[in-house]
Amino acid sequence: MPTHEKILLKNMDQPGYTGSLKDYEAVGGYQALRRVMKELAPADLIDIVKQSGLRGRGGAGFPTGVKWSFIPKDYTGPKYLCCNADESEPGTFKDRQLMERDPHQVLEGIAIACQAIGAETAYIYIRGEFRLGAKILEHAIDEARQARYLGENVLSSGVPIQVYVHAGAGAYICGEETALLESLEGKRGMPRVKPPFPATHGLYQKPTVVNNVETLANLPHIVTRGADWFASIGSPPKSTGTRIFCLSGHVKQPGNYEVPMGITFRELIYEHAGGMRGEKPLKAFIPGGASASFLTEAHLDVKLDFESVAQAGSMLGSGGVTVMEEGTSMVWAALRLMEFFYHESCGKCTPCREGSSWLVQVLQRIVDRRGRMEDLQVLADLCQNIVGRTVCAFGDAEIAPIVGTLQYWRNEYEDLIRESTAISTTSKELPVLALNS
Amino acid sequence: MAESNNQDLVTLTVDGMTTSVPQGTLVIEAARQVGVMIPHFCYHPKLTPDANCRMCLVEIEKLPRLQTSCSTKVAEGMVVKSNVPHVDEARKSVLEFILANHPLDCPVCDQGGRCDLQDFSHQYTPTTSRFTELKRVFPKEYFSPLIETQMNRCVQCMRCVRYCDQVMDVKALAPSGRGTLTEIKHFSAHELDCEFCGGCVQICPVGAITSRLSMYDFRPWMLKRTDTICTYCGDGCHITIQKKQDELIEVNSTQGVGRNNGDLCARGFFGYHASVHPDRIMHPLIKQQDGRFAQATWEEALELVAEKFQGIKTAFGGNAFGGLVTSRCTNEELYLFQKFMRGVLGSNRVDSSARFGHVNGTLPLLSVQGTHRWTATFEDIVDADALLLIGTNITETNPITGLKVKQAVKQGHAILVTMESLLPARGTISNITLLATHHLPVRPDHYHIAIVGLIKSVLDNGLVDPGLETRAPEFFRAIKAAIDSTSWAHIEEVSGVSREVFSQSAHAFSSSTRGMIIVGQGVLRSPRGAEMVTNLLDFLILTGRHGQPGCGLCPLAEENNDQGAIEMGATAEFLPGPIAIGHHDTRQALSKLWEVDLPQEPASSLMEMFRDAQAGQVKAMYIVGENPVESLPQTGKIKEALESLEFLVCQELFLTETAQLADVVLPACSYVEKDGTFTNTEGMVQPVRQAIDPIGESRPDWEIFSALSVVMDQPMEYGEARDIFKEIRSVIPGYGLVGPVATRPTPKVDVVQQYLQEGFAHGLATRYVCTQDQPASDTPFLLASTQSLFHSGKFSTRSKGLLQIQSSGAIMLNPSDAKKLGIASGDSVCVSNAHGAVTTIARVLNRIPPDVACFPEHFDQDIRCLFELHIDKESHVPYSKLTWVRLERVEKGDV
Ligand SMILES: Cc1cc2nc3c(=O)[nH]c(=O)nc-3n(C[C@H](O)[C@H](O)[C@H](O)COP(=O)(O)O)c2cc1C
Ligand code: SF4
Ligand code: SF4
Ligand code: SF4
Ligand code: FES
């Protein structure tokens, strides 16, 4: 099995590493922050991150240094950093590990980002169910404050950096950056219409950067080891660094794997995750969280970088790779995902709100052997009528499972529907009428 | 000027039409300007865009996806297409989605026929649906006595929620649940507790929120509309009365119309049934020997009145008549009433309900700055950068003026200084002090000394207009001397407000460029009202704000036509204009026009009339729409005065306590049954239109005056109200109907000059002297008679809608006082003093200040007896809003 140097999971892989401040300092923790506070002007820091090629790990893959540079330069009022720790994308569980096992790595990244954009306050918006992670972070913040890595006067630089943990209340949509801001402000978590963007009108309408946990955790390493080092890892120039891929589904060893971007899915699944758990061959996989469209065994040699996965018709997204073996009902899988999206649609936009409930009912009916051929056209049309017409990217995401399964496994839908016509005369369910009869 | 305007314009093309609109315009509005109506649900020009319904999608060249025209601002060279096939497709699909879960119960929906969803569906969608799944169904839930929700119909556009928050600042509504299960609910576990402005009902694009007052009673196409003006306060809101045959169905108002821009309060929206209350007097009544009333014909009644009036006039002269008219009447009626009193009966004893307080605002304005109207408009309130509200919880008395204040503070970030007895406590609605940037908590009897404190801060902190001392040295020195005679120690001790707080407020106000003072009933209807207003004008002069654009002092009119009553000459001191009663040229002109000699006797106001009635000099009174027996305390002996008359005529809607004393009662029409004009608090003259036929045999007041004059052989004949208005315009050139915005007079330079030179000295010996009314130890509570948002005078207590929100009075007191006395909400409490004892129900509220108890005036019939009557020496205003009482618990309540 090829081995790759880990960056983010390196510390915690060491035996006996507890993630305490002492342990973190022992492996060189907070040296990057010292350098940032002493030697690096914010503009230079932003340049380093730009040169490193670091792209957001939250889903959209936006270049981090570029995002920071949108913060108005001459703005003198309060600015905010929000660490997106809402991690609710099905099949994604990397941020949780980063926070629970090496919290100071995240905090150091947060402090560095604050210094880059001139924010004195950072909020970690953490998924409500992550009680343990929140407790660990709170404790780590206390430690860091006492050691003056955070607090009123960071490392005697005169600069204050305060970090607060805020727990979400159980809505997936609050991972979307503007819904996150609304929720943080104490309002109902619903995405805002953009523009204006958070960089100018963010938290409390002030300039704000929202970055994912993993994105931020990379910063200390980039500062310490340099932009060139980081840019040489992975699949330069567009996909640099490592990513933590969360393997789940029918693999032998589910879990988090940090590998450089650019290795193939085949390597990830068969070498790192130990291959398929039974004897059955792989049928399908989701490459980047529930919002990413299914790929098939034909895509196993696609490289795990932003461009290659996009070219294959899906997206690298949040790094959640869910693998399904031969024999999995893809219609059922689509239904399962659609149920999630139906449950989580915030309800703001008509197409997403009504579309998700309509889609889920049609899928359920087909799975229940009560479908009809016209439903396939309805499914395709509804997806078409949702995509690109909503406030946030959730609308585009929720149709992914259906579009993908219709593309590769249309026959499974048709088989189920044929079974339904066969049993419809004896079914006790209400008859399903033909459309436009 | 023209050039700078051009720079702010952006040129774009919508469906091939090129247009230029101001920068920042939304695409949907730019399209409207070229006649392209883009269908929409969630967009509303009053609200910030939420872009949630996705109905308004358009193509904008160079942008990848379809864009929501309701949230996209125009840009130079933008090319917008709304008539291309895929935009059409997008609309159809949004409608298909909305209709998926919509119940399609149009036949039983009160919105059916005027529903945006229905209309767009007609336009865009096929008659069959592809949706064959189960529809989402919400269980029916009780919402409130007046507002009904039917959440299956909701399109989740959040207009209601945003309106309640952004416009009303009430925040009573919120979405609950997620996705398709999102419902609009109110926050509390108990029923909806809000201001009941009806705004959510009005703004809902579908039938998801409707009024219960007329539920299922009509179909929109049966309704016939009448645009008129609300009668419940001086704001003068535009209302549309909708009727089915002669049945009142609903009231609403239209965005973009009227001074209220379509916004209403509970009184305007739900209060319309007062006019059709079954107790309305249906026929003229004549009192019999046995003291009972008998129904009479108009001929009999009018002839009797004419004969009696003639007799008294011949025997005692015109001065034996007194006349009192309500400011709820139209301008035409007020004008005609004073013309009747002065011209036909020959009496200078004419007064109206403007006497109860509004004159305290007008008289100082006239003597200091020569105007009888505000020198500012509602628009100026919105644009103000500092507002000083004194003695008014404006949301309760003048809700729409209150909305302008809220807009100035919430959107324009104006400084808001409130000097009010209510405390800014959370948990109760309609409390303007919650929005204040600076709050001066002042007991209702301490406004005078608090105003002195404010002025003293201006003087002590060097906040005086720099040029003033050289421009008006005597004025400056005299005011300073008068103020200096009261020490800070005294001011702090009496008002309970610290010197710092005064000085912060004074600083805040003086730092403004557009500063306005809004004065409410707490000042205008309390002892020394006119003095306080004059002192506040001094404050404006001292801070250099007087006469500046967008600045001014604005007394709030409580009744809908208080302002008109003064302008029509329906108060003792004024002829129409208002011109001073003694003004020679005006008297001559009126004599000529009316073809009579005007009476020479000195004018006498309301309280003087009652006094003279008791002394036997006033023999007959003509009381129109007023009920002094009930509205003034028994200690005023009004009843005795009226009983001593030889002849009393009352013209009324209802058989009030006063009307019961009358010899003849003439049934009059309410505002919904007549034409005319009202002049609102900011001086806007607006048309009132008849919506329904007169109830019973009632007739508009003006018609009765006119008919009576004919019978008395001194005819004032008019075919319709408009003819009277023409005469008013000949007396007051240019009066009224000038346009959509009130004309704003500026202070008269010569009058101000005169005031600064010597006018200020008038009354100066007393008007800054701080006196203090000490409570006796056995009556420690100051009882204030206050106004409620849900009622207006007593008229509204006949409205079945408003009674469902508030049907009785309660004595309101502060939790700490309540605790001391062992009183809880719902307990019965005895309120007493030397005048008597009354038992009523207690309500404990955080916003009531300590040592104060409040009772709503609308339900004060029993508690009135505890109040005393004070008469202002100068303005002759009768004050009876405050008294000292003690409180004791009688019985535990059930709550
Ligand atoms: C529906 C939805 C859910 C999202 N959930 C998350 C999440 O749980 N965690 C996260 O980091 N980003 C999430 N995002 C992406 C964020 O909006 C945002 O792009 C990201 O936090 C930016 O950080 P980055 O630039 O570091 O990736 C979500 C986006 C959408 C549309
Ligand atoms: S797309 Fe869906 S989740 Fe996103 S704002 Fe609209 S309704 Fe909410
Ligand atoms: S109740 Fe009416 S206004 Fe409120 S969200 Fe629903 S449809 Fe919109
Ligand atoms: S009572 Fe006053 S604020 Fe309310 S609707 Fe009538 S005029 Fe408007
Ligand atoms: S009107 Fe534009 S999205 Fe609703």
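Quick caveat: nothing in here was measured; it's all calculated off a predicted structure.

**Quick notes on the overall build of chain A**
A tally of helices and strands in chain A yields 20 helices and eleven strands. Relative to the compact-globule value of 22 Å for 437 residues, chain A shows a C-alpha radius of gyration of 23 Å, a close match. Dimensions of chain A, computed from C-alpha atoms along their principal axes, come out at roughly 80 × 50 × 35 Å. By the burial criterion, 55% of the 437 residues in chain A qualify as buried.

**Here's the deal with helix H6 (residues 94–101) of chain A**
Burial analysis of H6 of chain A places six of its eight residues in the buried class, the great majority of the element. Within the span of H6 of chain A, buried status applies to Lys94, Asp95, Arg96, Gln97, Leu98 and Met99 of chain A.

**Some details on the packing of helix H14 (residues 447–460) of chain B against helix H17 (residues 488–495) of chain B**
Residue and element names in this part refer to chain B. In the contact formed by H14 and H17, the axes pass within 10 Å of each other and the chain directions differ by 140°. With respect to H17, the element H14 is oriented oblique. Considering how the two elements wind past one another, H14 and H17 form a crossing that is left-handed. The segment H14 lies against H17, with Ile449, Ala450, Val452, Gly453 and Lys456 engaging Ile491, Val494 and Ser495. Looking at the contact of H14 with H17 residue by residue, the classes come out as five nonpolar, two polar and one charged.

**As for the site of ligand 2**
Residue and element names in this part refer to chain A. Around ligand 2, a shell composed of 14 residues is seen, among which Cys346, Cys349, Cys352, Thr390 and Cys392 lie nearest. Elements with a contribution of two residues or more to the shell around ligand 2: helix H16 (350–367) and helix H18 (394–398). Tallied by class, residues from the shell around ligand 2 come to eight nonpolar, four polar and two charged.

**Here we look at the sheet that holds strand S20 (residues 515–519) of chain B**
Residues and elements named next belong to chain B. One open sheet accounts for five strands, arranged S19-S18-S17-S20-S21; its pairing is parallel. The sheet is open, and its two edges are formed by strand S19 (438–441) and strand S21 (552–555), each paired on a single side. For this sheet the average axis-to-axis angle between neighbouring strands, irrespective of direction, equals 15°. Judged from the five bridges that link them, strand S17 (residues 386–390) and strand S18 (residues 415–420) form a sheet pairing that is parallel. Among the inter-strand pairings, alanine 386 is bridged to a residue of S18, identified as isoleucine 415.

**Thoughts on the site of ligand 3**
Taken together, 14 residues lie around ligand 3, and Cys154, Cys157, Cys160, Cys204 and Ala208 of chain B are the ones closest in. Among the residues making up the shell around ligand 3, the classes are represented as twelve nonpolar, one polar and one charged.

**Describing the domain arrangement of chain B**
Per the domain assignment, the segments of chain B are domain 1 (2–83), domain 2 (133–276), domain 3 (285–357 + 562–731), domain 4 (371–555) and domain 5 (781–891). With centres defined by C-alpha atoms, the gap from domain 1 of chain B to domain 5 of chain B works out at 53 Å.

**As for unusual backbone geometry**
Look at the link from lysine 194 of chain A to proline 195 of chain A: it is a cis peptide, with omega at -5°. Looking at the element boundaries, proline 195 of chain A is found in the loop between helix H9 (177–184) and strand S4 (208–212). Of note, the phi angle at arginine 54 of chain B is positive, near 65°, even though the residue is not glycine. Along the chain, arginine 54 of chain B turns up in the loop between helix H2 (27–33) and strand S3 (57–60).

**Observations regarding the nonpolar core**
By size, the foremost hydrophobic cluster in this structure holds 220 residues, and its most contacted members are Leu81, Cys82 and Ile110 of chain A. Not counting chain neighbours up to four residues away, the residues in contact with isoleucine 110 of chain A comprise Leu81, Cys83, Ala122, Val163 and Leu216 of chain A. Of all hydrophobic cores here, the second largest spans 153 residues; its members include Leu285, Leu435, Leu645 and Val752 of chain B.

**Observations regarding the pairing of strand S24 (residues 620–624) of chain B**
Look at any regular strand and the pattern is simple: side chains alternate between the two faces of the sheet. Residue and element names in this part refer to chain B. In terms of burial, S24 is a largely internal element, five of the five residues being buried. Where burial is concerned, the two faces of S24 agree: the one with Ala620, Tyr622 and Val624 and the one with Met621 and Ile623 are both buried. Here strand S15 (residues 321–325) pairs with S24 via five bridges, running parallel. Looking at the pairing, valine 325 lines up with valine 624 of S24. Judged from the five bridges that link them, S24 and strand S25 (residues 647–652) form a sheet pairing that is parallel. Each residue of the ladder has a partner; that of isoleucine 623, found in S25, is cysteine 650.

**A look at the pairing of S17 of chain B**
All names here are of chain B. Counting buried residues along S17, five of its five residues qualify, which places the element largely inside the surrounding structure. Sheet topology places S17 next to S20; five bridges connect them, and they run parallel. Across the sheet, isoleucine 390 pairs through a bridge with valine 519, a residue of S20.

**A short note on the interface of chain B and chain A**
By a widespread convention, an interface's size corresponds to the accessible area lost as its parts come together. Taken together, the contact pairs 29 residues of chain B with 28 residues of chain A. For the side of chain B that touches chain A, the element with the highest residue contribution is helix H3 (residues 85–101) of chain B, accounting for seven residues. Per-class residue counts for the side of chain B that touches chain A are 13 nonpolar, ten polar and six charged.

**Observations regarding helix H13 (residues 265–272) of chain A**
Residues and elements named next belong to chain A. Every buried residue of H13 is accounted for by Phe265, Leu268, Ile269 and His272. End-on view of H13: buried residues confined to an arc of 115°, all on one side of the axis. On the buried face of H13, the contacting elements are strand S7 (242–249), strand S8 (255–260), strand S9 (282–286) and strand S11 (320–325).

Definitions and limits used
Residues numbered from 1 in each chain as written. Chains lettered and ligands numbered in written order. Predicted model: local features only at pLDDT ≥ 70, side-chain atom pairs only at ≥ 80, totals over all residues. Helix = DSSP H or I, 4+ residues; strand = E, 2+ residues; numbered from the N terminus. Rg over C-alpha atoms; globule rule 2.2 N^0.38 Å. Buried ≥ 20, exposed ≤ 12 C-beta atoms within 10 Å, placed from the backbone. Axes fitted to C-alpha atoms, helices over the stretch in contact; angles between N-to-C directions. Parallel < 35°, antiparallel > 145°, perpendicular 65-115°, else oblique. Left-handed = near helix turned anticlockwise from the far one by under 90°. Contact = placed C-beta atoms within 7 Å. Nonpolar A, V, L, I, M, F, W, Y, C, P; charged D, E, K, R; others polar. Near = placed C-beta within 6 Å. Pairing = 2+ DSSP bridges. Domains from an automatic or database assignment. Core = buried A, V, L, I, M, F, W, Y, C linked by C-beta atoms within 7 Å. Arc of directions from axis to C-beta.

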